[in-house]
Every structure is written in C-alpha cells, then in structure tokens.
Amino acid sequence: MTNPVKKYPTEPLKCWNEAKSLRTQYYENYLHAHKNGGLRWAGGAWSFSSVPAGLGDDVHSVTGEPYGATIAFHKDFASECHDAVEAAGFPRTLCAYMRNYWGAILLDKFILADGRVIPGYPTPDFIWQDHICCSHGKWYEIVKWLEKKKGKEIPMFCTDVSVGYSLTPPEKFRVDYIVNQLQDGILWLEKVTGRTYNDQLLCDAVWNEMKSTSLWAEVCALNQVIPTPIDEKTMYSLYVIGTLMKHRPECAAFYEKLRDEVQNRVDRGIAAIPHERFRVITDTQPPWGFLKIFRAMENYGVVSLGSLYSFGLIGMWEYQPDGKWIPKPLPSSKPATREEALRAIVEWTLNRPEWAHFYRPELKTQMMKSIVQQWKANAVLLHYNRGCEGLSVHIAENRLGLLKDGIQVFSFEGNMGDEREFDYPGTMARVTAFFESMGLEKLSTEGGP
Amino acid sequence: MSEPFQKFRDWIDNRHEYAKEWKATRNRRIAGYFCTYVPEEILIAANVLPVRILGSHEPPTVTEPYVFAMFCHLCRDSLAQGLKGRFDYLDGIVEGQSCLHLRQAYNAWRLHIPIDYAFYIHVPHGVQTRHALPYYTEELRKFKRSLGEWTGRKITERDLARGINVMNRNRDLMHKIYEYRKPNNPKLTGLEAMEMVLSSQMVDKEDHNGALEELLKTLPSREMDRNPGVRLMIIGCEDDDRIFMKNVENLGATFVIDEHCTGSRYFWNLVDSSIQDRLVAIADRYISRIPCPSKDWPELTRIKQAVNLAQTYNVQGALVIQNKFCDPHGIEVPPLREELKAVGVPTYPLEFDVTVPWGQFRTRVEAFLETLTGLEELF
C-alpha cells in the first residue's frame, strides 16, 4: 500500500473580496468618470500611470492588457470581438489582447469585471501609452483611428522606452531620453486636458507605484516556503490590481495588507493547495479562458507557485551580490520635485524584470533559474503563447537555457486571448503525461495515489 | 536584358561567392545585418562590408529549437541561413532595433553561430519625438567606438564622410532609375527594380554604384518588348520573393513602384550632408527616413508616403503584402487600404510565408487584375 500524500491545511484568502472589489470599482470609476467631472484615459499596464495622476484624483484609466484578458476570460464575448476585428480586415495573428480590445470598440460594447457587457464603448479623453514591444504604440494608434471613424478625435502620447536592459544602473543618456519625453508629456497633458498639472500628486503617485511594485514582489517572495501559501491561479487575481492602478494609494495599501496576510499564512503553515508535492513555475500569460488547467494540475499534487510573468510583470526585483533575487528595496527618500519624480520612476521602471528578455534571452533565463532554485521548483511549464509576441520573444532560447542547466521543462502552445488557438484536451493529455514521467500519479479523493 | 540588370541578378544568385571573393581580395571584414535600420555608412567608414542577411525561401527546418514558429518567416529563414553555414564568411553581425522578430534572429545567431563580433544598436522607436535625435546620436557614438575597437582602427570624420558619400550616391542613382518606372511603358520591370535594390544590400556599394552608372547610360534608350499591362504597386513587409514578382508580371501587369524595405523604403531618404556633425547627420537620416511601421506612431506617416507614391507613379492597383505574424505591418493593413481606396487605388491583400502558394495566389491576383481592367470575355 502506498503512503497517502501529506495534507496541508488550507483556507481562503481573507482579502480576496477586497481584490475583487478594487477591480470592480476600477472599471466602474472609468465608466462613470465623466458624470463626476473626471477624465478618462487609455493606455497599457506598463505605461507611466503615475504621470497622468498629476492631473487630479478624478482621472481614471483602463489599461489595455488587463482589459484584453478580461475579454479573453469571457470566451463568448471574445469570440464576437475576434469576428469583428477580422471582418475589419486585421490579421488573426496579431496580439490577442489588442484584437480583443479593438473588437470591443468595433462592437461598441464594454465589458465589466464581472462579465456584464454593456452597450456603448466609453471613449477615453486621451491616450497615454508607452512602447517596448512591436504592438504597444501601434495598438493605440489604431484605437485612435477607429474612434476617428466614429467622429471622435482622441489625442495620443506614447513614450518610447526601448532603450535596452541592464542588470546594472542604466546609462544616463538612456534615462534622459525617457525623462525628456515624459517632461514633454506633462506639457502635452496640460494642453489636451486644459488642467494645471500638480507636481505633488505626481510625487505621491510615483512613490505609491514604487511601494506597490516592491510590495507585490514581497508577496511573491513568500512563496519560497513549502507549502506555498498562494498558488499562481490565485495570484492572477491579485497581481492584476497592480496592472490596473500601480500608482494608486489603494493599490499600495492592498498589497501591504496582502503581504501581511500571506506572511501570516506562512507562519501558520497554510497552503495554497492541500496536497502539494510537486512545484512548478509557468511562463507568459496563461490561456485565460482555460484557467481550469491549474485545478487539473492539483489532481496530481502539482502547484504552480508563480512565474517570472506573475512575479515580474509588475513586481520589482533586484539581484544581491550573493546572487539572490530579492524584492527591490525602496529608495531612501520620496521624490520631491517633478524632475526627481520622473527620473526616479524611469530608473525604477527600466529595472522591470519582464523587460529583460526583450533584449537578451540570457537575462530572462538567469531570472528563471533563480526562481527555480530559490523557490524550490521541480519543473517549468513554458507557454508558447501565440497571442503575445512581446512575452514569447526568445522563449525558445529560454527553453534551451533551462534544459542546459538540467531543469525539467514542459512546453505547450496556446494563446492567452484567442481560444481558437488552444487545444485544451490535447494540452491536458500531454501535461499529465509529463507529470507521470516525473513519477506522479493522479491523486484519489482522499489524497492518496 | 541590359547587362547591368543581369549583373544585379547574378550578384543576388551568387551573393556568397561574391562576398568570399571580396573578402579574399581586399582582406577586410564583412558584417551581416538584419534590418535596414543599421547605418551602413558607419560600417563602410570602418572599411567593413555590410551585407544584409535574408532568407532563401526554403522551408526552414533548423530554426524550431531557437525561434518559436509564431514569429515571421523572414527572421526564421534568415537565421536558417546562418545555421546552415551559408554566411560562414561573416566576421560580425549587427542589428539596428526594429522588430522583435529580427531581434530573435540576431540573438540566436549571436548565441549559436560562431562569430567574432555582435552589436545591437538601440535605434529609437519614438522617431516622432524630438528627443530621438540626441539619443540616437549618442547610441551611434557607442557603435562607432565599438567598431573602431573591433577593427583596431579609429573611424575619422573623413571616413564617415566617405561612408555618407557612397551611400548617398547609391541612393541618388537608384532614385534616378526609379524615375524610369513612371512612363506609360516603364523602362524596367518590378522584378528588375527589386533585383537592383536587393543586390545593393549584398555587394560593395562602390561596385553597385558603378553598375548603376552604367545602367543610367543605356536606360533612357531602352526599348521594352513587352506590354506593361496593369500598373501595379507592391506595398508591405520585407519582400524579396522574386518568383512572385516575375509570376505576377507575367499575368499582364508591371510593378511600377513599391513601398517596402527591399525597395524604395531602403534608399528613399539621403543623409543631409549640410549637417556638420556627421554622426548627427546619419542619426537624422535614420530617424527621418520613411519609417518601418514598427516605428511609425503615434501618427501613420508611412501610409502618406505610400499614397504619394501610388499617385506619383500613376498606379491602377496595389498588392498589400503581409508577412504572416508581422504585427507592425499587419496592424496597418486596414488604414493603408482605406487611404489608397480614398485616392482611387484598389488594393488586394496577400499573406506571405516562407514559400508562396502560387497556384492559389495566381487565381486571386488574376481576379484582382480583372477587376482593374474589366472582366475578360468568357466566350
């Protein structure tokens, strides 16, 4: 008789509902901003969101990638969006989030966090974007073009951040290039909104963003323990707050509360799943319409404790001299002027882990190896994501780099935002075969093999 | 066919033999580059021969471990050439930042193919911002310094002037030859124009300029023994598919102008030699050139150039080429088609891969040509 697998205590996250509420409120705030005299802007999750914050507390955004992911999660609406975009003549091979987003505009519908689709796409007052992958600037250029066809002129500002990546502090001329663009951007914001810019609000927002992104890394770092206190499927609902409003005080406050709760779970030995016995990390966005993969993995006692994506899309990290990867500490003081704030947020942002692989695959491989080692992962599940050029770039090199170091790698092909490009049964057959090749058997309901 | 056109074709067909012989006789280095955003002026100034790395249009069988197949065929096919050893004479590789696709080809080459020198130039994407010029100039200073260290020879202002002059001469000559595509019966076919520009990316510009000068002597009196048929434009991604060009032109059409980086976009803009600081002048050229869509935001400026060319060259219709998986170009397809339609130029989109399904494409292109000329009599 085989010994039953150890069962860890589990319990729901206490701040779960707060995360849901923040996300719901975020979309509601955007939708109703004009009713209260506020402003709406659109841009990517990586845009310098702390900069428009200097226009006032009543300025609300919808960030593109999380919105595209929300659509993807609701597959029926996603399907409508894909049809609309293809009918408009765009190739179906483009970024899936972008197609979802454009589809909603073409359909003139807006989806809320709970999946309710309401008529009338709420047009932004301006676009505030940045550009590191092939699609970022182009995405909103087309938003502008689509809205113009409806008779709406949307001003757009896009900051070029494609200056490379370094584990050491970036060269001054690279930082200057971005800071100078943002300086122009503030003048542009004043011009297109007619508002007077408030530097104090900027400094507060920059500081909030630094706190939020460092705190999220602290949360992720707690997953190094066995059993892992939160699994990646849960983390998706938590990291998203940072992708929506990393510069907001409520985001920093939520992550602080979350960090304390997860620490408490660690202290009490509370696990994410009851029968953790095999730890994996993933890579890139998941196929959002098929998160049930993670539940199916639990049947084998497999937990995904995160990924460079969920740790580093928003979370900020740095290497210590001893090679340990740790949450990036905050600077010694909060910025006090516009110039200080812009320089601080640019230098901070250029350190974003999920930007490294755009330039040198070796850097991402190194970070993934660090996660495998420090977080005690047994294998890596690589999602070859047809929906995202930006995060799939160099993924084949990452696979080779991990294999070279003797790390077990399972790769599968899919699409984060277009369900037509994900073969759920086929993927499950292959991934379960992979687990079985790792010596795992499916658990019985009692937790035994 | 005129002799220079045959020379351009021979250079393409025998590009590797040409490069090896060039290297052996001159005892200089050769650097491969992937994207036309690499400033060849500086390589020429360093006495390094720049040659563009392109594919062979054979199904790539060796790239799967290195590049995920959802990236465009150009990057995979280009890398395949390196993995198969066809560019074994290269001493270095250089990439000028453009798209993620070619960046992967560059990095895979750097990591898996023995090479003495590799440099990635962070060409700004924000070419519409006023801050791109000082930034890019600084980036070019780094490149110049690096090249000097690699070759063991400091690049002087005089060297840069030479690089600028030879590149500008090449561009100017090709401009003059493109003028001969404007008449009702163009003096050269689209295939010949493509082979002229493509070969320019593969051989010593001094040699190429010599051939262009020869061509300009004979081109005005060249009599074309073919009916030009429908005046077509080809627009879109990198395209060096000569078989496609030839086949379309055999259907009763002539490509009288193009807008892609193996055509007009490669040479359209010159370095402003009145700018005293030569690195600034070079940086300015690459920032203000007709942009690749990857850098063309927040305003769609390339489309204006496409429309302008279509009108200047009096085209009747345009084929819009989309390399499968190329996001920057794919994103622009609907606005591009709409703008051309607005000036009375019908378009037809075609998705290209490493090989082109000519059987299907033939039917589709023929149907498009029929819409431009009126239906053929069936009986």
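Everything below is about the structure printed above this text.
Rules of the game
Residues numbered from 1 in each chain as written. Chains lettered and ligands numbered in written order. Predicted model: local features only at pLDDT ≥ 70, side-chain atom pairs only at ≥ 80, totals over all residues. Heavy atoms only, no water. Contact = heavy atoms within 4.5 Å. Buried area = accessible area lost by both parts, 1.4 Å probe. Salt bridge = Lys/Arg side-chain N within 4 Å of Asp/Glu carboxyl O. Polar contact = N/O pair within 3.5 Å; in protein donor to acceptor, adjacent residues only side chain to side chain. Helix = DSSP H or I, 4+ residues; strand = E, 2+ residues; numbered from the N terminus. Nonpolar A, V, L, I, M, F, W, Y, C, P; charged D, E, K, R; others polar. Pairing = 2+ DSSP bridges. Axes fitted to C-alpha atoms, helices over the stretch in contact; angles between N-to-C directions. Core = buried A, V, L, I, M, F, W, Y, C linked by side-chain atoms within 4.5 Å. Buried < 20%, exposed > 50% of the residue type's maximum accessible area, 1.4 Å probe, protein only. Expected span 1.5 Å × (residues − 1). Phe/Tyr/Trp six-rings, centres within 6.5 Å; stacked < 30°, edge-to-face > 60°. Parallel < 35°, antiparallel > 145°, perpendicular 65-115°, else oblique. Right-handed = clockwise from strand over helix to strand, strands pointing away. Left-handed = near helix turned anticlockwise from the far one by under 90°.

1. Side note on the interface of chain A and chain B
In step 1: Between chain A and chain B, the contact holds 52 residues from the first and 51 residues from the second.
In step 2: Summed over both sides, the interface of chain A with chain B buries roughly 4,300 Å², with 61% coming from carbon and sulfur.
In step 3: On the chain A side of the interface with chain B, the three residues burying the most area are Lys138, Tyr177 and Glu389 of chain A, jointly 15% of the side's total.
In step 4: Taken together, the connections running from chain A to chain B amount to seven salt bridges.
In step 5: Residue Glu139 of chain B pairs with Arg174 of chain A through a salt bridge whose shortest N-O separation is 3.0 Å.
In step 6: Here chain A is connected to chain B by 26 residue pairs in polar contact (both at pLDDT 80 or more).
In step 7: When residues of the side of chain A that touches chain B are traced back to their parent elements, those giving at least two are helix 4 (96–107), helix 5 (136–149), strand 6 (156–160), helix 6 (172–193), helix 13 (361–374), strand 11 (379–385), helix 14 (389–392) and helix 15 (395–404) of chain A.
In step 8: Examining the composition of the side of chain A that touches chain B, we find that seven residues originate from one element, helix 5 of chain A, more than from any other.
In step 9: Per-class residue counts for the side of chain A that touches chain B are 25 nonpolar, 13 polar and 14 charged.

2. Here's the deal with the sheet that holds strand 5 (residues 230–236) of chain B
In a beta sheet, neighbouring strands pair by backbone hydrogen bonds and run either parallel or antiparallel.
Residues and elements named next belong to chain B.
In step 1: In space, the four strands of this open sheet follow the order 6-5-7-8, with parallel pairing throughout. Strand pairing shows two members of the sheet lacking a second neighbour, strand 6 (253–259) and strand 8 (347–352), which therefore form its edges. Neighbouring strand axes in the sheet, compared pairwise and without regard to direction, differ in orientation by 25 degrees on average.
In step 2: Along the sheet, helix 14 (residues 327–342) contacts strand 5, strand 7 (317–323) and strand 8; its crossing angle with strand 7, the most-contacted strand, is approximately 170 degrees.

3. Structural notes on unusual backbone geometry
In step 1: For the bond from Ile226 of chain A to Pro227 of chain A, the omega torsion is 0 degrees, close enough to zero to count as cis.
In step 2: Assignment of secondary structure puts Pro227 of chain A in the loop between helix 7 (199–221) and helix 8 (232–245).
In step 3: A cis amide bond, omega 0 degrees, links Trp297 of chain B with the succeeding residue Pro298 of chain B.
In step 4: Despite not being glycine, Asn27 of chain B has its phi angle at roughly 55 degrees, a positive value.
In step 5: Tracing the backbone through its elements, the reader meets Asn27 of chain B in the loop between helix 2 (15–26) and strand 1 (30–33).

4. Let's talk about the nonpolar core
In step 1: If you look at the biggest cluster of nonpolar residues, it comprises 287 residues, and the most contacted ones within it are Tyr101 and Trp102 of chain A together with Phe244 of chain B.
In step 2: It is helix 7 of chain A that provides the largest number of residues to this core, a total of eleven residues.
In step 3: Apart from the residues lying within four places of it in its own chain, the contact partners of Phe244 of chain B are Ile234, Phe255, Leu319, Ile321, Leu350, Phe352, Val356, Trp358 and Phe361 of chain B.

5. Quick look at helix 6 of chain A
In step 1: Along its 22 residues, helix 6 of chain A runs 31 Å from first to last C-alpha, staying within 8% of the 32 Å computed at 1.5 Å per residue.
In step 2: Note on helix 6 of chain A: the residue one or two positions beyond its end, Gly194 of chain A, has a positive phi of about 75 degrees.

6. What to know about the environment of Tyr255 of chain A
All names here are of chain A.
In step 1: Position of Tyr255 relative to the elements: it lies in helix 9 (residues 249–268).
In step 2: Tyr255 gets classed as buried once you look at its relative accessible area, which sits at 0%.
In step 3: A polar atom in the side chain of Tyr255 sits 3.1 Å from the backbone oxygen of Tyr239.
In step 4: Side-chain polar atoms of Tyr255 contact the backbone nitrogen of Gly242, separated by 2.8 Å.

7. Overview of the packing of aromatic side chains
All names here are of chain A.
In step 1: A full pass over the atoms with the stated rule returns 63 aromatic pairs over all chains.
In step 2: Taking the centre distance of 6.1 Å and the plane angle of 20 degrees together, the rings of Phe410 and Phe412 count as stacked. In terms of burial, Phe410 and Phe412 fall into one category: buried.
In step 3: Relative to Phe434, the ring of Phe410 has its centre 5.3 Å away and its plane inclined at 35 degrees; by these criteria the two rings are tilted. Here Phe434 lies in helix 16 (residues 424–437) and Phe410 lies in strand 12 (residues 408–414), a separation of 24 residues in the sequence.

8. Some thoughts on the environment of Leu219 of chain B
Residues and elements named next belong to chain B.
In step 1: Its location among the elements puts Leu219 in the loop between helix 9 (205–218) and strand 5.
In step 2: C-alpha separation for the pair Leu219 and Ile177, spaced 42 residues apart in sequence, amounts to 8.0 Å.
In step 3: Setting aside chain neighbours within four positions, we find Leu219 in contact with Phe5, Ile177, Tyr180, Lys187 and Leu188.

9. Some words on the packing of helix 8 (residues 190–200) of chain B against helix 10 (residues 242–249) of chain B
Residues and elements named next belong to chain B.
In step 1: Two elements in contact, helix 8 and helix 10, have axes whose closest approach is 9 Å; the angle formed by their N-to-C orientations is 160 degrees. When the interaxial angle is binned, helix 8 and helix 10 end up roughly antiparallel. Across from Gly190, Leu191, Met194, Glu195 and Leu198 in helix 8, the residues of helix 10 making contact are Arg242, Met245, Lys246 and Glu249.
In step 2: Across the contact of helix 8 with helix 10, the residue classes tally to four nonpolar, one polar and four charged.

10. A few points about the pairing of strand 7 (residues 278–283) of chain A
Residues and elements named next belong to chain A.
In step 1: Of all six residues in strand 7, six are buried; the element is thus mostly enclosed.
In step 2: Burial of the side chains of strand 7 extends over both faces: Phe278, Val280 and Thr282 are buried on one face and Arg279, Ile281 and Asp283 on the other.
In step 3: Relative to strand 8 (residues 302–307), strand 7 runs parallel, the two being bridged by four bridges. When the bridges of strand 8 are listed, Arg279 appears paired with Val303.
In step 4: Viewed along the sheet, the connection from strand 7 through helix 10 (residues 292–298) into strand 8 turns out right-handed.
In step 5: Bridge analysis of strand 7 against strand 11 gives four bridges, and the strand direction is parallel. Bridge pairing in strand 11 places Val280 opposite Ala379.

11. A word on the packing of helix 4 (residues 73–83) of chain B against helix 5 (residues 100–112) of chain B
All names here are of chain B.
In step 1: Remark: helix 4 packs on helix 5, axes separated minimally by 8 Å, with the N-to-C direction vectors making an angle of 20 degrees. If you check the angle between helix 4 and helix 5, you find them roughly parallel. Of the two elements, helix 4 crosses helix 5, and the hand of that crossing is right-handed. Touching Leu74, Cys75, Ser78, Leu79 and Gly82 of helix 4 are His101, Leu102, Ala105, Ala108 and Trp109, all from helix 5.

12. Quick notes on the environment of Asn107 of chain B
In step 1: Secondary-structure assignment places Asn107 of chain B in helix 5.
In step 2: The exposure class of Asn107 of chain B is buried, given its relative accessible area of 1%.
In step 3: Considering only alpha carbons, one finds Asn107 of chain B and Arg29 of chain B, 78 residues apart in sequence, at a separation of 20 Å.
In step 4: Apart from residues lying up to four places away in sequence, Asn107 of chain B is in contact with Tyr359, Pro361 and His394 of chain A.
In step 5: In this structure the side chain of Asn107 of chain B is engaged in a polar contact, spanning 2.8 Å, whose partner is the backbone oxygen of Tyr359 of chain A.

13. Considerations on the sheet that holds strand 8 of chain A
All names here are of chain A.
In step 1: Sheet architecture is open: four strands sit in the order 8-7-11-12, paired in parallel fashion. Of all strands in the sheet, those bounded by a partner on one side alone are strand 8 and strand 12. The average angle at which neighbouring strand axes cross in this sheet is 30 degrees, direction not considered.
In step 2: Bridge analysis of strand 11 against strand 12 gives seven bridges, and the strand direction is parallel. Looking at the pairing, Leu381 lines up with Phe410 of strand 12.
In step 3: Most of the contacts of helix 13 go to strand 7, to which it runs at about 160 degrees, and overall it touches strand 7, strand 8 and strand 11.
In step 4: Strand contacts of helix 15: strand 7, strand 11 and strand 12, with the helix running at about 165 degrees to strand 11, the strand carrying the most contacts.

14. Side note on the pattern of salt bridges
A side chain of one charge can pair with a side chain of the opposite charge when the charged atoms of the two come close.
In step 1: Enumeration according to the criterion identifies 64 salt bridges over all chains in this entry.
In step 2: Residues Asp159 of chain B and Arg153 of chain B are paired through a salt bridge, measuring 3.0 Å at the closest nitrogen-oxygen approach.
In step 3: For Asp159 of chain B, a relative accessible area of 8% gives the class buried.
In step 4: Residue Arg153 of chain B is classed as partly exposed on the basis of its relative accessible area, which comes to 31%.
In step 5: What you see here is one network of salt bridges that share partners, running through Lys138 and Glu141 of chain A together with Glu259, Arg265, Arg302 and Glu332 of chain B.

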